[in-house]
Amino acid sequence: MAPKRVDKDARRQEILDAAVRVFSRKGFAASRIDDVAAEAGIGKGSVYLYYDSREALLEAALAQYAAGADILLRQAVEGDAPPLDRLITLVHSTIAHLSTQRDLARTLLDLWGTDHMRPAYRAYREAVTTVLAQVRPGLGLAHTTVLIGAIEGVLLQWLIDPDIPLADMAGPIVDVCVEGLRERA
């Protein structure tokens, strides 16, 4: 009988998904490789075939998230649409992206006070600040901070209270934080 063939890319993703679920449930600091292995339904040694540490799992999860976020940010900065429309699209895309990834969002919340998030935040703030300055000269980091704070405030409320319809919150964020930037006729 031939040995069972394992799709290594699929297994790597299964382990990563299991890690994010464990990090979400237990917090990164309290999570162990044993927990990830149990969640994935595999032996601890199998996790180590793909990731050499718990930190490597976290870095892979953050890198995967950052890759998706980078696409959204690049579209916002380099897109052909008017800057205000690109900003509105970014708010909608960010909310849509996070609303399908509750475990990852909870993991990000767990890490917000750590150095793990600094590079992602820096890139996010730089991109939003660039677009805001294209919308109206003089808008800068303070305005970016308020907009990101609104997005994250809604995200936090959704994590605390699952009855908050996160996927429906982009419109109100745009209404309150972005539409005021539109030129008045």
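Scroll up to find the structure.
Residues numbered from 1 in each chain as written. Predicted model: local features only at pLDDT ≥ 70, side-chain atom pairs only at ≥ 80, totals over all residues. Heavy atoms only, no water.

## Overview of the overall build of the protein
Summing up its helical and strand segments, the protein has 9 helices and 0 strands in all. Ordered by position in the sequence, the α and β elements of the protein form the string α-α-α-α-α-α-α-α-α. Overall size of the protein, expressed as C-alpha extent along the three principal axes, is 75 × 35 × 30 Å. Within the protein, buried positions represent 36% of all 185 residues. At a minimum sequence separation of 6, the contacts of the protein that also span at least 24 residues come to 66%. Total accessible area on the protein is roughly 10300 Å²; 55% of this is exposed by carbon and sulfur atoms. Charge separation in the protein, taken as the distance between the mean sites of 21 positive and 25 negative side-chain charges, equals 4 Å. (Helix = DSSP H or I, 4+ residues; strand = E, 2+ residues; numbered from the N terminus. Buried < 20%, exposed > 50% of the residue type's maximum accessible area, 1.4 Å probe, protein only. Contact = heavy atoms within 4.5 Å. Areas by Shrake-Rupley, 256 points an atom, 1.4 Å probe, with all protein chains shown as cover. Lys, Arg positive; Asp, Glu negative; His and termini not counted. Charge placed at Lys NZ, Arg CZ, Asp CG, Glu CD.)

## Some points on the side chain of threonine 107
For threonine 107, the position within the fold is in helix H6 (residues 102-111). Setting aside residues no more than four positions away along its own chain, threonine 107 makes contact with Val20, Phe23, Ser24 and Leu58.

## Structural notes on the environment of arginine 21
Here arginine 21 shows up in helix H1 (residues 8-26). On the basis of relative accessible area, arginine 21 is assigned to the partly exposed category, the value being 30%. Measuring from C-alpha to C-alpha, the distance between arginine 21 and arginine 118 comes to 22 Å, with 97 residues separating the pair along the chain. Excluding residues within four positions of it along the chain, arginine 21 makes contact with Glu39 and Asp103.

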